Every structure is written in C-alpha cells, then in structure tokens.
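Report on the structure
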Amino acid sequence: MDKIRRTSFVFYKDWLNTINELPQEIQFDIYKAIAEYGINGNIPELKPVAKAVFSLIKQTIDRDCGKHEDKSL
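Source: prediction; values computed, not measured.

Conventions we followed
- Residues numbered from 1 in each chain as written.
- Predicted model: local features only at pLDDT ≥ 70, side-chain atom pairs only at ≥ 80, totals over all residues.
- Heavy atoms only, no water.
- Helix = DSSP H or I, 4+ residues; strand = E, 2+ residues; numbered from the N terminus.
- Areas by Shrake-Rupley, 256 points an atom, 1.4 Å probe, with all protein chains shown as cover.
- Phe/Tyr/Trp six-rings, centres within 6.5 Å; stacked < 30°, edge-to-face > 60°.
- Buried < 20%, exposed > 50% of the residue type's maximum accessible area, 1.4 Å probe, protein only.
- pLDDT = per-residue confidence, 0-100.
- Contact = heavy atoms within 4.5 Å.

Topic: the overall build of the protein chain
In terms of regular secondary structure, the protein chain is built from three helices and zero strands. Order of helices (α) and strands (β) in the protein chain, N terminus to C terminus: α-α-α. Accessible surface, the protein chain as shown: approximately 5400 Å² in total, 55% of it carbon and sulfur.

Observations concerning the packing of aromatic side chains
Scanning the entire structure with this criterion turns up four aromatic pairs. Their ring planes at 85° and their centres at 5.8 Å tell us that Tyr 37 and Phe 54 sit as a pair that is edge-to-face. In this pair, Tyr 37 sits in helix H2 (residues 24–40) while Phe 54 sits in helix H3 (residues 48–71), placing the two residues 17 residues apart along the sequence. For the pair Tyr 37 and Phe 54, one class covers both residues: buried. Taken together, Phe 11, Tyr 12, Trp 15 and Tyr 31 form an aromatic cluster joined through their ring pairs.

Looking at the confidence of the model for the protein chain
Chain-level pLDDT for the protein chain is 88 on average; 85% of the residues reach the 70-or-more range. Here H3 is the element of the protein chain with the lowest mean pLDDT, 86, and helix H1 (residues 13–19) is the one with the highest, 97.

As for the environment of Gly 38
Assignment of secondary structure puts Gly 38 in helix H2. Judged by relative accessible area, which is 0%, Gly 38 ranks as buried. Considering only alpha carbons, one finds Gly 38 and Val 10, 28 residues apart in sequence, at a separation of 8.5 Å. Apart from the residues lying within four places of it in its own chain, the contact partners of Gly 38 are Arg 6, Ser 8, Phe 9 and Ile 61.

Structural data, given as structure tokens:
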C-alpha cells in the first residue's frame, strides 16, 4: 500500500473485544500500530503476538480503504 495520509478510518468493536483480552503492554502496541497504519500507512515493528493480531486488523483496514478509494474515483 502506498503511504497515503488519511484523516480517518473505521475502528471495529470486534477489534476492541479481541485486544482487551491481551496484556496491557501488548494492547498499547496494537492500538498504536492501528492508528499509525490507519492514518499514515506506516507499519511499525511489533512483537510476535502484537504482530499476529495487527496483521488480521490490517487486512480489514486495507479492504475498507480500498472500498473507499473505489467510491471516490
């Protein structure tokens, strides 16, 4: 994905429920990664568990942003 700066993205309740089941130090890393990727398109370095959860969330962000970009063409 090209590094596109967006002003918003959708955050799903399912993500919150999943992330809340993890230890706090991992939660913070995932929230930060979601925000950084959702707005700036940057993927930060993550520890294995955070990386696994983020990779699933990233797919949804990519899908949603692709839909939005298709509609704006």
